[in-house]
Amino acid sequence: MATPGPHASSKVRPIPSLRWWIGGLLFASTVINYIDRQTLSLLAPYLKLEYRWTNTDYANIAIAFRVAYSIGQTAFGKLMDRIGTRRGLTLTVIWYSTISMLTSLANGFYSFSTFRFLLGAGESANWPAATKAVSEWFPKRERALATALFDSGSSIGGAVAPFIVLWIYFRWGWRPAFMIPGTLGFFCDGGTC
Amino acid sequence: MKLPQTWGTIIAKTFTDPVFFFITEWFPIYLVAKGIELKSGLIAIWIPFLAADLGSFAAGVVSGLLIKRGWPLGAARKALIIFGGIGMTMLIPTIFTTNLYLIALLFALATFCYASFTTMANVLPSDLYNSESVASVSGLSGTGAGIGTIVAFKLIGYFSDVRQASGTHSFDPIVILAGLVPFVGMILVLLLVRNTAATDQGLVRRI
C-alpha cells in the first residue's frame with residue numbers, strides 16, 4: 001500500500017499532486033477499515049463451531065457493531081469538525097487497528113460483542129473524516145471522483161480480506177487472523193506522521 | 001419529514017443497505033450452510049465485492065451520460081434505481097443451486113445492481129434539497145439504514161436458526177426477502193420521489 005510519507009508532512013510546499021496522495025491515503029485507510037471489519041464474518045463459520053454460537057448469537061454480535069457504527073457516524077462528524085481531519089483520521093485508524101488486534105484475545109460471546117461494539121465506533125469515524133478531508137483538499141469538480149475513489153476502498157478491502165484473513169486462519173488459526181491484519185493500520189498511520 | 005420525497009429518500013437506503021450488509025456479514029455463514037467449504041470458496045467469495053465497486057462507478061458514469069444526453073435529472077436517477085431494484089432480485093434464484101460459481105455470479109449481479117441503487121440513493125438528498133437540509137436528510141437515511149440492518153440481522157439470525165433442519169435451504173426465505181425488499185423499495189421510491197406541489201412551492205428542487 002503506497003503511503004505518501006514525505007509528501008503528506010510537507011504541507012508548506014505546494015505539490016500539485018499532493019491532494020491525490022491524500023486521496024490515496026484515504027483509500028488505504030478505507031481498505032484497511034474493511035479488512036478489519038470483514039475478519040469476523042469470514043471467521044464466523046469457524047467461531048460458531050468453537051463457541052457453539054447459534055446464528056442468533058452471531059446476529060447479536062454483528063448488531064453490536066452496527067449499533068455503535070450507526071451512532072458513531074452521526075456523533076463523530078462533529079468531533080472531526082473540532083479536532084481536524086488529520087488528527088481525526090489518525091485517531092480512528094489507531095482506534096480500530098488496536099481493537100482489531102485486541103479481538104484476538106476474545107474468548108466468548110460477551111467479549112466478541114464488546115470488541116465489535118468498539119470496532120464499530122472507531123470505524124464509523126472514517127467516513128465523516130474522509131468526506132471532510134475530500135472537501136478540504138479537492139476542488140469542487142474533483143470531489144465526486146475523490147469520494148468515489150476512497151469509497152471504493154470498502155469494496156476493495158472486502159475483496160482482499162478473504163485472501164488475507166482465511167490464509168492466516170488456515171495456517172495459524174483465528175487469533176492471528178485478527179492480530180496480523182490489525183497491524184496494517186499502523187503502517188498506514190506511520191505514513192502520515 | 002412531511003414531504004413524500006423525504007420518505008422516498010429514506011426508503012431508498014433503508015430498503016437496500018440491509019441487503020448489502022447481509023451479504024458482507026453473512027456470506028461466509030450462508031455459504032457454509034449451503035454446504036460449501038470456505039477453503040474451496042475462496043476463489044469466488046471476493047467477486048461480489050468487486051462487482052459492488054464496479055457497480056458504483058458504472059452508476060455514476062451512466063447517470064452522468066444520461067443527463068448529458070438531455071434526460072431530466074429525475075429520470076436519469078430513476079433509470080438506475082429501476083435497474084438496481086430489478087437486478088437485486090437476482091438473489092432469489094440462488095435457492096435453486098448449491099453451485100459456488102453460480103451463487104457467486106448471482107450475488108455479484110445483485111451487488112452490482114445494489115451499488116447502482118445506493119449510489120443514486122446517496123445523491124438524491126443533494127439533488128432534492130437545499131444545502132442546509134442535505135446533511136440532515138442524508139443523516140435520516142443513514143439512521144434508517146442502520147435500524148433496517150439491525151432488524152434484518154435479528155430476523156436473519158432467528159429464521160436461519162429455526163430452519164436449521166432444512167440444511168442447504170435454511171437461508172431460502174432470507175434470500176427471497178433480500179431479493180424482494182429492494183424491489184418494493186424501488187416501487188416506493190418511484191411513487192414518492194417526484195415533482196409535487198411542494199416542488200412548485202420551492203420546498204424541494206425539481207428533478
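Scope of this entry: the structure provided in the associated data block.

All names here are of chain A. One pass over the structure, following the stated rule, counts 30 aromatic pairs over all chains. Here the aromatic rings of tyrosine 51 and tryptophan 53 are separated by 5.6 Å at their centres, their planes lie at 20°, and the arrangement is stacked. As far as the burial class goes, tyrosine 51 and tryptophan 53 line up, both buried. When the ring of tryptophan 174 is compared with that of phenylalanine 178, the centres are 5.9 Å apart and the planes differ by 90°; the resulting orientation is edge-to-face. Separated by four residues within a single helix, tryptophan 174 and phenylalanine 178 lie in helix α8 (residues 174–192), roughly one turn from each other.

As for its placement among the helices and strands, Asn99(B) is situated in the loop between α5 (73–87) and α6 (100–128). For the pair Asn99(B) and Leu177(B), spaced 78 residues apart in sequence, the C-alpha separation works out to 21 Å.

Here we come to the interface of chain B and chain A. Opposite the 28 residues of chain B that make contact, chain A presents 31 residues. Around 2,600 Å² of area is buried between chain B and chain A when both sides are counted, 69% of it from carbon and sulfur atoms. Of all residues in chain B, the largest losses of buried area upon contact with chain A belong to Glu25(B), Ile29(B) and Phe49(B), amounting jointly to 21% of the total for that side. Linking chain B with chain A are one salt bridge, by the criterion used here. A salt bridge links Glu25(B) to Arg66(A); the shortest N-O distance between them is 2.5 Å. Summed over the shared surface of chain B and chain A, the result is eleven residue pairs in polar contact (both at pLDDT 80 or more). Contributions of two or more residues to the side of chain B that touches chain A are made by α2 (17–33), α3 (38–45), α4 (47–68) and α7 (131–162) of chain B.

So, on to α6(B). Residue and element names in this part refer to chain B. Over its 29 residues, α6 runs 42 Å from end to end, which matches the ideal 42 Å to within 8%, given 1.5 Å per residue. Its axis deflected by about 30° at asparagine 122, α6 carries its strongest bend there, up to four residues before the proline proline 125. Of all 29 residues that make up α6, 21 are buried, and the element is covered over most of its length. Its side-chain oxygen at 2.8 Å from the backbone nitrogen of tyrosine 101, asparagine 99 defines the N-terminal cap of α6.

Right, let's get into the pattern of salt bridges. Residues and elements named next belong to chain A. With the rule as written, the count across this model stands at eight salt bridges over all chains. Among the ionic pairs, glutamate 142 bridges to arginine 19, the shortest N-O distance being 2.6 Å. With glutamate 142 in helix α7 (residues 140–172) and arginine 19 in helix α2 (residues 18–51), this residue pair connects regions lying 123 residues apart in the sequence. For lysine 132, the salt bridge is made with aspartate 81, and the minimal N-O distance between the two is 3.1 Å. With lysine 132 in helix α6 (residues 126–137) and aspartate 81 in helix α3 (residues 55–83), the pair connects residues that are 51 residues apart, well separated along the chain. Looking at lysine 132, the relative accessible area reads 21%, which means it is partly exposed.

Conventions and cut-offs
Residues numbered from 1 in each chain as written. Chains lettered and ligands numbered in written order. Predicted model: local features only at pLDDT ≥ 70, side-chain atom pairs only at ≥ 80, totals over all residues. Heavy atoms only, no water. Phe/Tyr/Trp six-rings, centres within 6.5 Å; stacked < 30°, edge-to-face > 60°. Buried < 20%, exposed > 50% of the residue type's maximum accessible area, 1.4 Å probe, protein only. Helix = DSSP H or I, 4+ residues; strand = E, 2+ residues; numbered from the N terminus. Contact = heavy atoms within 4.5 Å. Buried area = accessible area lost by both parts, 1.4 Å probe. Salt bridge = Lys/Arg side-chain N within 4 Å of Asp/Glu carboxyl O. Polar contact = N/O pair within 3.5 Å; in protein donor to acceptor, adjacent residues only side chain to side chain. Expected span 1.5 Å × (residues − 1). Bend = angle between axes of the 7 residues up to and from the residue.

Remember, this is a structural readout, not a statement about activity or role.
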